[in-house]
Amino acid sequence: RDEPAALSPSGLTGDNRFLRGTLTHALLEHLPQIAPGARQRVADTFLGERARGLPERTRRSIAQEVLALLEDPAFGAVFAPDSRAEVPVVAVIPRPQTLGAGPPLRIAGQIDRLAVTEDAVLIVDYKTNRAAPVNQSGVASVYLYQLAAYRLALRDIFPGRAIRAALLWTEKPHLMEISEEILDAHAT
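Owing to the predicted nature of the structure, the values given are computational and were not obtained by experimental measurement.

Definitions and cut-offs
- Residues numbered from 1 in each chain as written.
- Predicted model: local features only at pLDDT ≥ 70, side-chain atom pairs only at ≥ 80, totals over all residues.
- Heavy atoms only, no water.
- Salt bridge = Lys/Arg side-chain N within 4 Å of Asp/Glu carboxyl O.
- Buried < 20%, exposed > 50% of the residue type's maximum accessible area, 1.4 Å probe, protein only.
- Helix = DSSP H or I, 4+ residues; strand = E, 2+ residues; numbered from the N terminus.
- Pairing = 2+ DSSP bridges.
- Axes fitted to C-alpha atoms, helices over the stretch in contact; angles between N-to-C directions.
- Contact = heavy atoms within 4.5 Å.
- 1 Å grid on protein atoms, 1.4 Å probe; cavity = no way out; pocket = protein on both sides within 12 Å on 5 of 7 lines; lining within 4 Å.
- Points joined across faces, edges and corners; volume = space filled by probe spheres on them.

(A) Here's a closer look at the pattern of salt bridges. Applying the stated criterion across every chain, the model contains eight salt bridges. Measuring nitrogen to oxygen at the nearest pair gives 2.6 Å for the salt bridge that ties K127 to D125. Overall, the relative accessible area of 10% leaves K127 in the buried class. D125 gets classed as buried once you look at its relative accessible area, which sits at 3%. R151 serves as the salt-bridge partner of D184, at 2.8 Å between the closest nitrogen and oxygen. Taken together, the residues D184 in helix α6 (residues 180-185) and R151 in helix α5 (residues 141-157) connect sequence positions 33 residues apart. With a relative accessible area of 4%, R151 lands in the buried category. Each of the salt bridges in this network shares a partner with another, and the network as a whole consists of E56, R59 and R60.

(B) Main features of the sheet that holds strand β3 (residues 120-127). Strand order in the open sheet made by the five strands is β1-β2-β3-β4-β5, with mixed pairing throughout. Every other strand in the sheet has two partners, leaving β1 (84-93) and β5 (174-178) as the edge strands with one partner each. Across this sheet, the average inter-strand angle for adjacent strands is 40 degrees, counted without regard to direction. Summarising the sheet, strand β2 (residues 105-116) and β3 pair through four bridges and their orientation is antiparallel. Looking across to β3, one finds that R113 is bridged to V124. Across the sheet, α5 touches β1, β2, β3, β4 (162-169) and β5, and the angle it forms with β2 is around 85 degrees.

(C) Region of the structure containing the environment of T188. The topology assignment puts T188 in the segment after α6. On the accessibility criterion, T188 (64% relative accessible area) is exposed. C-alpha separation for the pair T188 and R95, spaced 93 residues apart in sequence, amounts to 8.6 Å.

(D) Seen up close, the layout of surface pockets. By volume, the second largest pocket is sized at about 150 Å³. Surrounding the second largest pocket, 15 residues form its lining, A77, V78, L122, R164 and E177 being those nearest its centre. Mapped onto the lining of the second largest pocket, the elements with two or more residues apiece are β3, β4 and β5. Examining the composition of the lining of the second largest pocket, we find that three residues originate from one element, β3, more than from any other.

This is how it looks when you write it as C-alpha cells:
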C-alpha cells in the first residue's frame with residue numbers, strides 16, 4: 001500500500017537504474033556460489049553479456065559495489081557459502097488469540113537471501129530501483145510487514161534461534177537490519 005514509488009523512467013537515461021538494480025540483484029544471487037578468486041571474472045562476463053547497453057564505467061561500478069559487499073566481513077554470514085538464495089516460503093499462521101477470531105495469515109513468498117547459523121537466522125530482502133531511506137523509521141510499512149511475516153513463518157522451522165531481518169538496498173548497496181521491536185510491532 002505505501003510502497004515507495006519506483007524511480008522515474010525519465011531518470012533512467014543516465015544510469016539505467018532499473019537495469020542496474022536487476023543486474024545487482026542477479027549478481028548478489030549467484031556470485032556467492034562462485035569461488036572468491038573467480039568472482040571478478042564472472043561478474044565482468046555476466047555484465048558484458050547482460051548489460052551491453054550500459055557504459056563500461058557503469059558496468060565496472062556495479063561489479064565493484066557487489067564484490068565489495070561480498071568481501072565485506074560485516075556481511076560474511078549473509079553471503080557465506082552455506083547461505084541460500086531465492087528461498088520459497090509458504091506458511092499458514094494462526095491469528096494471535098489476543099486479536100480474537102479471524103482468518104489465519106497465509107504467506108507465500110520468496111526470500112532473496114537466507115543465512116542460517118547455529119544460533120540465528122537472517123532474512124535478507126533486496127530492494128531494487130528504490131531510494132534507501134536514511135534509517136529504519138523511513139522504511140515503508142509494506143516492507144516491514146513482509147519481513148515480519150517471513151519471520152513468523154520461519155520461527156516454527158528454526159525453533160530456538162533468533163530470527164533477524166534486513167533490507168539490502170541495491171541502488172547504492174546498503175544493508176539495513178530492522179530491529180526486533182519494529183518487526184514485533186508489524187507482526188500483530
